Amino acid sequence: MATKKAAKQTGPERVDCKSFNGARRGVVLEKFTAQTADRFFGAEFALIELDHYPSPVWSTTKYLKAPPKKDLYERLRADPDAAVRELVALDPVSLVRTVARVSGGQHSHCDGSMRWVGFARAMEPVAATEALVSLIERVRSSKEALALDEPAALDGSEYSKSDFKSGPNVRGEYVDFALRYALERLWTLEFSKGQKKLDAFLPGPLFARARALWPSDAALFDAPFEMPRLERFVGGLSTKFNKSCGLDEKHPLVQGTGY
């Protein structure tokens, strides 16, 4: 019986870098083979542009694997405009369950909000803001969705099954938090360079909708954004071993797993 050949990959190579417990997806920008293998890192390296991080990083290829074939995040990020229409059309409870497959059901060892930063950065900043605001508004339109607290039902499309290995529930209030925190971090990445207030970047109606999501946090909207320390976005990076691995020191190297 004839078998179908796997479709050839088009576009940049997508990878999952196991160094990062939270957000860890990205694309390979280039690969490098060192003349001499390092006893820990080896000789094969890749420069990765992580979805959620502001600049590329080096990683040993030992830490890299292909994203799962059924992965929901990869499908949504491949066509974010269609994804937003699909997500907003869900009833609020179903939306909470779907968002949780990407960000995790509740607070855990990782920061699932970073994954929605990665999703949003596939769009231009104003459209990304509109998308995340719309998702939050949809979740908040239902008291039942916000109050949801139920065991996760896994179907293989989760960003990381380890988020649920100890049995954390899917909680509406955490999904709301994850999306709002993703929105704040998106703004920090995209709007902090100009040292301007948020209303300088967003259309008036969208700014008003966003501000309504934080009724008691005036500082977020009344002060210029400042770029935080990069450790806020990912830890475990350094240029300490770049030279010994034959790498340039322009981009840091991932030091190990578990960050």
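Residues numbered from 1 in each chain as written. Predicted model: local features only at pLDDT ≥ 70, side-chain atom pairs only at ≥ 80, totals over all residues. Heavy atoms only, no water.

Asks: I'd like to hear about the pattern of salt bridges, residue by residue, with values.
Replies: Taken as a whole and assessed by the stated rule, the structure comprises 20 salt bridges. One salt bridge connects Glu-173 with Arg-171, and the closest N-O pair in it is separated by 1.9 Å. What makes Glu-173 partly exposed here is its relative accessible area of 45%. Through salt bridges with shared partners, one network takes in Arg-14, Asp-16, Arg-24, Arg-25, Asp-51, Asp-71, Glu-74 and Arg-77. (Salt bridge = Lys/Arg side-chain N within 4 Å of Asp/Glu carboxyl O. Buried < 20%, exposed > 50% of the residue type's maximum accessible area, 1.4 Å probe, protein only.)

Asks: Before we move on, can you summarise helix 7 (residues 172–191) with the specific residues and values?
Replies: Helix length check: helix 7 (20 residues) gives 28 Å between terminal C-alpha atoms against 28 Å at 1.5 Å per residue, within 8%. With 15 of 20 residues buried, helix 7 is to be regarded as a mostly interior element. (Helix = DSSP H or I, 4+ residues; strand = E, 2+ residues; numbered from the N terminus. Expected span 1.5 Å × (residues − 1).)

Asks: Residue-level account of the packing of aromatic side chains, with values.
Replies: Taken as a whole, this structure holds 12 aromatic pairs when the rule is applied. Where Phe-41 meets Phe-241, the ring centres are 5.7 Å apart and the plane angle is 50°; that geometry is what we call tilted. Separated by 200 residues along the polypeptide, Phe-41 in the loop between strand 2 (25–38) and strand 3 (42–50) and Phe-241 in the loop between strand 8 (237–238) and strand 9 (253–254) bring together distant segments of the chain. You can call Phe-41 buried: its relative accessible area is 3%. The class of Phe-241 is partly exposed, set by a relative accessible area of 29%. Each ring, one from Trp-187 and one from Trp-214, has its centre 5.6 Å from the other, and the planes form 55°; the classification is tilted. Taken as a pair, Trp-187 in helix 7 and Trp-214 in the loop between helix 8 (204–211) and helix 9 (219–222) lie far apart in primary sequence, 27 residues in all. As far as the burial class goes, Trp-187 and Trp-214 line up, both buried. One residue, Arg-25, lies across the ring of Tyr-159, its end atom 4.1 Å from the ring centre. (Phe/Tyr/Trp six-rings, centres within 6.5 Å; stacked < 30°, edge-to-face > 60°. Lys NZ or Arg CZ within 6 Å of the ring centre and 35° of its normal.)

Asks: Could you give an account of the confidence of the model for the protein chain, with specific residues and numbers?
Replies: For the protein chain, per-residue confidence averages 88 on the pLDDT scale, and 92% of positions sit at 70 or higher. Low pLDDT, under 50, characterises residues 1–7; the predicted model gives this stretch zero contacts beyond four residues in sequence or across chains. (pLDDT = per-residue confidence, 0-100. Contact = heavy atoms within 4.5 Å.)

Asks: Give me the packing of helix 3 (residues 92–103) against helix 5 (residues 125–140): which residues, what numbers.
Replies: Look at helix 3 against helix 5: their axes get within 8 Å of each other, and the N-to-C directions meet at 125°. By the angle between their directions, the pair helix 3 and helix 5 is classed as oblique. Viewed along their axes, helix 3 and helix 5 form a crossing whose handedness is left-handed. Of helix 5, the residues touching helix 3 (which contributes Pro-92, Leu-95 and Val-96) are Leu-135, Arg-138 and Val-139. Taken together, the residues of the contact of helix 3 with helix 5 sort by class into five nonpolar, no polar and one charged. (Axes fitted to C-alpha atoms, helices over the stretch in contact; angles between N-to-C directions. Parallel < 35°, antiparallel > 145°, perpendicular 65-115°, else oblique. Left-handed = near helix turned anticlockwise from the far one by under 90°. Nonpolar A, V, L, I, M, F, W, Y, C, P; charged D, E, K, R; others polar.)

Asks: So what about the pairing of strand 1 (residues 14–17)? Which residues, and what values?
Replies: Regular strands place side chains that alternate from one sheet face to the opposite one. On strand 1, burial covers both faces: Arg-14 and Asp-16 on one face and Val-15 and Cys-17 on the other are all buried. Strand direction decides the pairing type here: strand 1 and strand 2, joined by three bridges, are antiparallel. Bridge pairing in strand 2 places Arg-14 opposite Val-27. Summarising the sheet, strand 1 and strand 5 (residues 64–65) pair through two bridges and their orientation is antiparallel. Its bridge partner being in strand 5, Asp-16 is matched across the sheet by Lys-65. (Pairing = 2+ DSSP bridges.)

Asks: Requested: an account of the pairing of strand 2, with residues and values cited.
Replies: Sheet topology places strand 2 next to strand 3; eight bridges connect them, and they run antiparallel. Looking at the pairing, Thr-33 lines up with Glu-44 of strand 3. The hairpin formed by strand 2 and strand 3 contains three residues between the paired strands.

Asks: Break down the side chain of His-251 for me, with residues and values.
Replies: Inspection of the secondary structure puts His-251 in the loop between strand 8 and strand 9. Apart from residues lying up to four places away in sequence, His-251 is in contact with Leu-47, Pro-56, Val-57, Trp-58, Thr-239 and Asn-242.

Asks: An account of the environment of Pro-203 is requested, with residue identities and associated values reported.
Replies: By the secondary structure assignment, Pro-203 is in the loop between helix 7 and helix 8. Considered as a pair, Pro-203 and Ala-219 are 16 residues apart in the sequence and their alpha carbons are 19 Å apart.

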